[in-house]
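What the coordinates show
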Amino acid sequence: MAHSDNGFFGQFGGKYVAEVLRRPLDELEVEFKKAMADADFLKELETIQKDYIGRETPLLYAKTATEILGGAQIYIKLEGLANTGAHKINNAIGQCLLAKRMGKKRIIAETGAGQHGVATAAACAKLGLECIVYMGEVDVRRQQPNVAAMEMYGAKVHPVTSGSRTLKDAVNEAMRDWAANPDSTHYVLGSALGPAPFPDMVRQFQSVIGNEVKRQASERNLDVEALIACCGGGSNSIGFFAPFIDEVSPRLIAVEAGGIGPGPGENACRMSGNASRDGILQGYKSRFLLDEDGQALPTRSISAGLDYCGIGPQLADLGKNGRIEFTSALDTEALDAVKFFAKNEGVLFAMESAHAGAQAIKLAPTLPKNKAIIVNMSGRGDKDIFITCPVFRPAEWKQFLVSELKRLEENEDIHDASLM
Ligand SMILES: *Cc1c(COP(=O)(O)O)cnc(C)c1O
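Residues numbered from 1 in each chain as written. Predicted model: local features only at pLDDT ≥ 70, side-chain atom pairs only at ≥ 80, totals over all residues. Heavy atoms only, no water.

1. Let's talk about the confidence of the model for the protein chain
Basically, it comes down to this: Every residue gets a pLDDT, meaning the predictor's confidence in that residue, from 0 to 100. Segments assigned H or I by DSSP are reported as helices when at least four residues long, segments assigned E as strands when at least two residues long, and all are numbered from the N terminus.
A residue-level look at the protein chain finds 98% of positions with pLDDT of 70 or above and a mean pLDDT of 96. Mean pLDDT in the protein chain bottoms out at helix H16 (residues 412-416), which sits at 65, and peaks at strand S4 (residues 73-77), which reaches 99.

2. Comments concerning the site of the ligand
Threshold: The cutoff for a nearby residue is simple: one of its non-hydrogen atoms must lie within 4 Å of the molecule or strand. Any N or O atom pair separated by 3.5 Å or less is treated as a polar contact, with the protein-specific requirement of one donor-capable and one acceptor-capable atom, and with residues adjacent in sequence counted only for side-chain atom pairs. A 1.4 Å probe and the Shrake-Rupley method give the accessible areas. Residues count as covered only by the protein chains that appear here. Gly is placed with the polar residues, together with every amino acid not listed as nonpolar (Ala, Val, Leu, Ile, Met, Phe, Trp, Tyr, Cys and Pro) or charged (Asp, Glu, Lys and Arg).
If you check the shell around the ligand, you find 18 residues, and the closest are Lys88, Ser191, Gly232, Ser235 and Ser378. Lys88 places a polar side-chain atom, nitrogen or oxygen, 2.6 Å from an oxygen atom of the ligand. Within the side chain of Ser235, an N or O atom sits 2.7 Å from an oxygen atom of the ligand. Burial of the ligand by the protein amounts to 97% of the accessible area it has alone, namely 380 Å². Residues of the shell around the ligand, tallied by class, amount to 5 nonpolar, 11 polar and 2 charged.

3. Structural notes on the sheet that holds strand S10 (residues 251-259)
Worth spelling out the cut-off: Strand pairing follows a simple DSSP-based rule, namely that at least 2 bridges must link the two strands. A fitted line through C-alpha atoms represents every axis, and for helices the fit uses only the stretch in contact; the resulting angles, taken between N-to-C directions, go from 0 to 180 degrees.
Taken in spatial order, the 6 strands line up as S3-S4-S14-S9-S10-S13 in an open sheet, and their pairing is mixed. One side of each edge strand has no neighbouring strand; the edge strands of this open sheet are strand S3 (59-61) and strand S13 (324-330). For this sheet, the mean angle separating the axes of adjacent strands, direction not counted, is 25°. Sheet analysis places strand S9 (residues 224-230) next to S10, joined by 5 bridges and oriented parallel.

4. With respect to helix H11 (residues 313-320)
As a reminder, the rule being used: Partly exposed describes any residue whose relative accessible area lies between the buried limit of under 20% and the exposed limit of over 50%, with all areas from a 1.4 Å probe on protein chains only and scaled to the type maximum. What makes two residues a contact is simply this: any of their non-hydrogen atoms within 4.5 Å.
With 6 of 8 residues buried, H11 is to be regarded as a mostly interior element. Taken together, the buried positions of H11 are occupied by Pro313, Gln314, Leu315, Ala316, Asp317 and Leu318. Contact partners of the buried residues in H11: strand S1 (8-9), strand S2 (12-13), helix H9 (198-219), helix H10 (235-241), strand S12 (284-288) and S13. Trailing H11 by a residue or two, Gly322 shows a phi angle of about 90°, which is positive.

5. Re the packing of helix H12 (residues 331-345) against helix H14 (residues 385-392)
For clarity, the cut-off: For this classification, under 35 degrees means roughly parallel, over 145 means roughly antiparallel, 65 to 115 means roughly perpendicular, and everything else is oblique.
Running from N to C, H12 and H14 cross one another at 90°; their axes reach a closest spacing of 12 Å. Regarding the angle of H12 to H14, the classification is roughly perpendicular. Each of Leu335, Val338 and Lys339 in H12 lies in contact with H14, whose residues at this interface are Thr388, Val391 and Phe392. A class-by-class count of the residues in the contact of H12 with H14 yields 4 nonpolar, 1 polar and 1 charged.

6. Quick notes on the pattern of salt bridges
Defined as follows: Any carboxyl oxygen of Asp or Glu within 4 Å of a side-chain nitrogen of Lys or Arg constitutes a salt bridge here.
Tallied over the full model, the rule gives 35 salt bridges. A salt bridge links Lys15 to Glu29, with the nearest nitrogen and oxygen atoms 3.7 Å apart. Taken together, the residues span a long stretch of sequence, with Lys15 in the loop between S2 and helix H1 (19-36) and Glu29 in helix H1 at a distance of 14 residues. Owing to a relative accessible area of 17%, Lys15 belongs among the buried residues under this scheme.

7. Let's talk about the sheet that holds strand S5 (residues 106-111)
Strand pairing in a sheet relies on backbone hydrogen bonds. The paired strands run either parallel or antiparallel. On the basis of which strands lie adjacent, the open sheet formed by 4 strands has the order S7-S6-S5-S8 and parallel pairing. The sheet is open, and its two borders are formed by strand S7 (156-160) and strand S8 (185-188), each paired with just one other strand. Put simply, the sheet's adjacent strands are angled 25° from each other on average, direction ignored. As judged from the 4 bridges shared by S5 and S8, these two strands associate in the parallel manner. Note on S8: the bridge partner recorded for Ile108 is Tyr187.

Here is the structure:
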């Protein structure tokens, strides 16, 4: 499973934080290790994974897609069937359960597009914990459906007004809160990055994906050539790959956001592009898209979850040593993949996951029919209607929004009667 060496994965990782955060991070590391050695904790985790998240998630043979592409058999890990619609709940539930065991009653989280905020808010609702989500003011405005979901789960969404008022400012604000309230509060970080022990911890809680796949593939005697996952911060990919990292096969392929092209600011390719460099940002050393002064460069992607300027340190290390192959898919290729798997398999990929789907479409025809490739559908696409509908049916979608607005205005007196 390739655990870190004292927080480091080769040259990447570490714990580059202010002195006040050292103690809570050290305490977290000790408590996490204890919990993972505690049979009662593991049993409780397994029960909630089964009954609340809905594990295990199925491994679907994509028969029609396979026949159309005419090469390797395509299998899809339907992680999007997890409660709340994506893999992020695996990490949120794991960390919240750990926080509860540590006696923390207050949970904070950062969120960009809102997916991690939704998962954490849901986990807190389930486990009876107070939840505060830091979210850039710009993102709060752009991501109203997720803000509404978080509030329905009982979380308090705290708009961040500093800096660019987006994800990295929300991370800074969450770190500040944690430093001020380390005894009462746990900070649920949302991807396989940040200072140690988060990369190890997030991989551990997400490795349930890979462990299930390993069992499911062996039960069916699949000759697996490659695993393919999309890669933002890296949590779904590292969890999917985890039990295979120390083996020589299958190939592990991570797909980054190719955006609209290879130029600067047009994508979020930290590993597959040529614009990134080694850096230390937000508590860890990794590969980042940075300018000359070490400031985060703007990124671009149609998917809200793949546009972070950094990548988890373990992924950076495994990319550097060649165990993980990095590639990218363009916005248009991801949209085509959404359509392809919806029409031929009845499965609606999230825009993020569709980047992995696009790579499967490219790879399958180049391989023999006795080989299998497994795509992690990290999330389902219901959440993306505000992205996909304007592309697929622009005129009708616009008409729909206008008439919805009109309907809302006409019924304002009804909606005023608060249900909350
Ligand atoms: C957030 C998100 C991602 C990207 O995050 P990783 O940490 O790289 O997994 C991918 N897919 C979905 C559905 C997401 O919500």
